[in-house]
Amino acid sequence: MDSAFFSLMLLSMVLLYHVACISAKSSVKRDSIDSSLQVIHDVATRSLGSLCITEKFRSLSVPLETARFEPARQKADLAATLLQDLGVARHNGLQDAISRNLLVSDTNILSARVLAINASTGQLVNCAWWQRQGLEMGGPRKLTEGIPEVGQRPDPDYPWYEDADSSPGLRSPKFMDSPLKVSYRGWWTYPYYSCISRKWLTSYSVPIPSPGRHGMKGYLSLDVDVSNLEVNQCEDDHLGSYSEILVLHGTHKCHNLTSKCVYRSQLGLTGWSRGSYQCKCRPGFYSPHHAGIFNGTIVEIAWQEQETNNSNAWSTIFRCKQCAPGCHHCFGPEPCLATYNWPFRTAILSFSVFCVFSTLALIVYMYRHKKLKVFKVASPIFLAITLVGCGIMYLEMAAIFPVLDKYSCIATKWTRHLGFCITYTALLMKTWRVSLTYRVKSAHKVKLTDKQLLQWMVPILLVMLIYLGTWTLSDTPIAEDIKDSTGLRFKQCSYNWWDHSLAIGEVLFLAWGVRVCYNVRNAESLYNEARLISYAIYNIALVNTAMVAIHLLIFPQAGPDIKYLLGFVRTQLSTTVTIGLVFGPKVLRVLRGQGDQWDNRARSRGVTASFSLNGIGLVPEEAPDLYQENEELKEEIQKLAAQIEFMKIVYMEVNNRHLKPKSGSYFTNLNTPGAVQSPLAKSGCLLTKSPEDL
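Rules and cut-offs
- Residues numbered from 1 in each chain as written.
- Predicted model: local features only at pLDDT ≥ 70, side-chain atom pairs only at ≥ 80, totals over all residues.
- Heavy atoms only, no water.
- Helix = DSSP H or I, 4+ residues; strand = E, 2+ residues; numbered from the N terminus.
- Buried < 20%, exposed > 50% of the residue type's maximum accessible area, 1.4 Å probe, protein only.
- Contact = heavy atoms within 4.5 Å.
- Axes fitted to C-alpha atoms, helices over the stretch in contact; angles between N-to-C directions.
- Parallel < 35°, antiparallel > 145°, perpendicular 65-115°, else oblique.
- Left-handed = near helix turned anticlockwise from the far one by under 90°.
- Nonpolar A, V, L, I, M, F, W, Y, C, P; charged D, E, K, R; others polar.
- Disulfide = S-S within 2.5 Å.
- Pairing = 2+ DSSP bridges.
- Patch = residues over 30% accessible without salt bridge, like charges linked within 9 Å, V, L, I, M, F, W, Y side chains within 5 Å.
- Areas by Shrake-Rupley, 256 points an atom, 1.4 Å probe, with all protein chains shown as cover.
- Salt bridge = Lys/Arg side-chain N within 4 Å of Asp/Glu carboxyl O.

Draft legend 1. Broad picture of the overall build of the protein chain. Of regular secondary structure, the protein chain possesses 17 helices and 15 strands. Looking at the protein chain as a whole, 43% of its 694 residues are labelled buried. Look at the contacts in the protein chain between residues 6 or more apart in sequence, and 64% of them connect residues 24 or more apart.

Draft legend 2. Main features of unusual backbone geometry. Look at Arg198: it is not a glycine, yet its phi comes out positive at around 55°. The topology assignment puts Arg198 in the loop between strand 6 (192–194) and strand 7 (199–208). Positive phi values are uncommon outside glycine, yet His290 reaches one of about 55°. Summarising the element assignment, His290 is placed in the loop between strand 11 (285–286) and strand 12 (293–295).

Draft legend 3. Spatial organisation of the packing of helix 12 (residues 497–519) against helix 13 (residues 529–554). Where helix 12 meets helix 13, the closest approach of the two axes is 10 Å, and the angle between their N-to-C directions is 150°. Relative to helix 13, the element helix 12 is oriented roughly antiparallel. Like other packed secondary-structure pairs, helix 12 and helix 13 cross with a definite hand, here left-handed. Here Leu510, Gly513, Val514, Cys517 and Tyr518 of helix 12 lie close against helix 13, whose contacting residues are Ser534, Ile537, Tyr538, Ile540 and Ala541. Split into classes, the residues belonging to the contact of helix 12 with helix 13 amount to eight nonpolar, two polar and no charged.

Draft legend 4. Spatial organisation of the state of the cysteines. One pass over the full model with this rule turns up seven disulfides. Two residues, Cys234 and Cys261, share a disulfide whose sulfurs are 1.8 Å apart. Looking along the S-S bond of the Cys234-Cys261 disulfide, the torsion reads about -60°, which is the left-handed sense. With Cys234 in the loop between strand 8 (216–225) and strand 9 (259–263) and Cys261 in strand 9, this residue pair connects regions lying 27 residues apart in the sequence.

Draft legend 5. Region of the structure containing the sheet that holds strand 10 (residues 277–281). Strand order in the open sheet made by the three strands is 9-10-12, with antiparallel pairing throughout. Taken across any chain shown, the strands that pair with only one partner, and hence form the sheet edges, are strand 9 and strand 12. Averaged over all neighbouring strand pairs, the angle between strand axes comes to 25°, with direction disregarded. Two elements, strand 10 and strand 12, share three bridges in a ladder whose sense is antiparallel. The residue of strand 12 that forms the bridge with Lys280 is Ile293.

Draft legend 6. Region of interest: the environment of Met547. With respect to the helices and strands, the residue Met547 is situated in helix 13. You can call Met547 buried: its relative accessible area is 5%. For the pair formed by Met547 and Leu566, sequence separation is 19 residues and the distance between their alpha carbons is 7.6 Å. Not counting residues within four places of it along the chain, the set of residues in contact with Met547 comprises Leu566 and Arg570.

Draft legend 7. Structural context of the environment of Cys330. With respect to the element layout, Cys330 can be found in the loop between strand 13 (321–322) and helix 6 (342–368). For Cys330, the residues in contact, after removing those within four places along its chain, are Phe285, Tyr286, Cys323 and Cys336.

Draft legend 8. Representation of the pairing of strand 10 in the model. Side chains of strand 10 alternate between two faces, with Tyr277, Cys279 and Cys281 buried and Gln278 and Lys280 left unburied. Pairing analysis gives five bridges linking strand 9 to strand 10, with the strands arranged antiparallel. Bridging from a neighbouring strand, Ser259 pairs with Cys281 of strand 10.

Draft legend 9. Highlighting a nonpolar patch on the surface. There is a patch of nonpolar side chains on the surface, built from Val548, Leu552, Leu553, Ile554, Phe555 and Ile562 and spanning about 610 Å² of accessible area. Of all the elements, helix 13 adds the most residues to the nonpolar patch, at four residues. Residue classification places Leu553 among the exposed residues on the basis of a relative accessible area of 70%.

Draft legend 10. How the structure looks around the pattern of salt bridges. A complete count under the given rule lists 13 salt bridges for this structure. Here Asp223 makes a salt bridge to Arg113, at a shortest N to O gap of 2.3 Å. Separated by 110 residues along the polypeptide, Asp223 in strand 8 and Arg113 in strand 2 (residues 109–118) bring together distant segments of the chain. Both residues of the pair, Asp223 and Arg113, belong to the buried class. Between Asp499 and Lys413 there is a salt bridge, with the nearest N and O atoms lying 2.7 Å from each other. Of this pair, Asp499 sits in helix 12 while Lys413 sits in helix 10 (residues 406–438), placing them 86 residues apart in sequence. The same class applies to Asp499 and to Lys413, which are both buried. One network of salt bridges, in which partners are shared, links Glu70, Arg73 and Asp77.

Below, the structure is given as structure tokens:
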């Protein structure tokens with residue numbers, strides 16, 4: 001137990017030590033970068049101070065990626081090896097030749113030098129210093145002024161010079177670390193500004209050890225112009241990394257949470273510059289100052305003022321503010337989202353839910369009174385299907401109640417189209433059966449049972465289910481942003497060719513239903529069933545057409561509450577009116593105690609129970625109703641008896657022309673209202689009352 005505790009404590013101490021070391025290194029690195037950026041700024045603005053007055057060089061403390069200068073380094077290593085083998089101080093002409101023709105001939109190398117130093121005294125014995133000139137000036141030239149003098153020690157302030165007392169195997173702090181798993185003969189210096197050349201340089205220095213213990217040692221160094229590199233303080237986008245100082249990436253002073261750094265390229269300009277970027281407000285943020293775009297140089301100064309003088313300009317002026325909720329882009333605190341009147345929407349939803357439960361209660365009520373003739377002759381199974389479809393259509397108001405998203409849009413499409421298909425198909429099947437029965441001209445009676453109609457109805461519903469399922473899986477409906485008349489955004493389900501194709505199909509289906517209703521406009525049925533269903537279908541077609549026109553022409557940019565209200569109005573005018581037309585008269589007859597009585601007015605117009613049952617339909621699985629069959633037989637016998645009596649009188653009057661019609665008989669005076677003219681009348685045989693009406 002003690003050993004485990006001791007191990008845990010030791011591990012904790014090690015972790016804390018590593019964290020402290022990492023934190024210290026990060027702090028040192030941050031300070032080094034800030035000081036280097038300050039030097040870059042001073043050079044760019046000519047605020048040099050002691051630089052170029054008492055100092056000729058000013059080094060940075062940030063490393064460079066030197067892989068792009070690999071050919072120059074290889075030449076320097078080759079030249080150092082050659083001089084070591086031949087002797088650095090024995091061939092003065094060789095030093096000049098190597099510096100001029102091998103090193104300075106490289107376009108990346110600005111100047112090269114070879115120094116021969118006495119290993120014992122550290123004094124300069126010989127110096128070959130060549131510098132490349134511009135193309136217009138000809139080839140390189142050998143420097144004779146401003147260079148170390150023979151007999152003196154080289155100035156240790158040179159950025160490229162290694163101290164004479166240091167070991168060749170040890171790296172001076174002037175030089176950068178070599179890349180991992182790479183062996184160099186020399187070292188690269190940190191980048192520095194040279195007042196003599198007015199350029200940013202980095203040098204590669206290679207010590208040349210003497211072959212003897214007290215002999216001569218050499219020193220080879222070359223300068224590479226890095227002024228063409230770019231100081232990009234923004235995050236690395238991997239686009240211009242090859243020409244940028246990678247260690248300076250991410251050193252901008254923009255507020256990362258509210259703004260984004262956008263680099264302004266300095267290509268074509270001489271020198272480096274701090275703050276070569278802009279801070280632009282991120283999407284969803286804005287600033288009342290400078291249109292949300294801040295100059296990087298000014299941001300750097302404001303940040304520095306905050307660090308040194310506790311100024312709050314950087315945290316107030318140059319920090320973008322968050323837009324109102326839901327705003328992707330904004331220029332002020334104004335709202336971007338449309339507001340929802342939730343009490344109003346809740347009231348509408350509550351009424352719609354009440355309608356759903358009312359349809360369920362109506363199904364139960366109809367099931368309890370299904371033996372009554374008013375429901376029995378109207379096919380209770382199709383009435384129940386109609387109510388189920390109406391309940392589904394009511395549920396659309398629950399689907400579009402919240403702020404729309406992908407799932408609510410899926411529910412909206414399913415409830416709207418599936419409910420419409422179920423309701424409309426059930427009503428249309430009943431009307432189509434009336435149409436087929438009404439158009440029969442033969443003595444043969446057409447019998448279309450509920451089972452047969454269901455067999456026609458199932459494929460229609462199956463097509464709708466397959467279509468909606470394919471739509472949901474392959475191209476799921478989503479909620480997209482639209483704007484109302486005031487420019488405020490809100491969510492609305494997307495409309496594409498799936499919606500348009502289904503709308504065209506529903507229009508054609510409605511057109512067929514209207515045609516079927518028109519064909520049965522003169523048909524008579526018990527309880528006026530066919531005509532009420534026709535009115536319901538007409539109403540559905542009219543309401544849907546009118547609401548589409550209202551959405552497109554009158555309220556094309558309505559807000560979310562207006563659209564919700566229009567959806568509620570459409571649902572009530574199409575669904576509630578349908579329920580009222582189809583079920584209202586039936587419920588009223590039941591409440592009045594007439595639900596089990598025949599519709600005498602329809603039967604007085606010649607509508608028999610047989611015709612009504614074929615047109616509207618009984619449940620096919622029920623046993624035959626003997627009372628109903630007796631009623632039909634009585635009707636037929638009465639018709640035949642009336643026709644026989646009529647023909648007897650007609651033949652008797654034809655054969656006995658001297659007889660005259662008696663008052664109150666079938667043939668009376670023409671002036672008598674409702675009279676039937678005798679076939680012997682001079683005006684011709686005109687009957688105003690048919691035998692079927694007797």
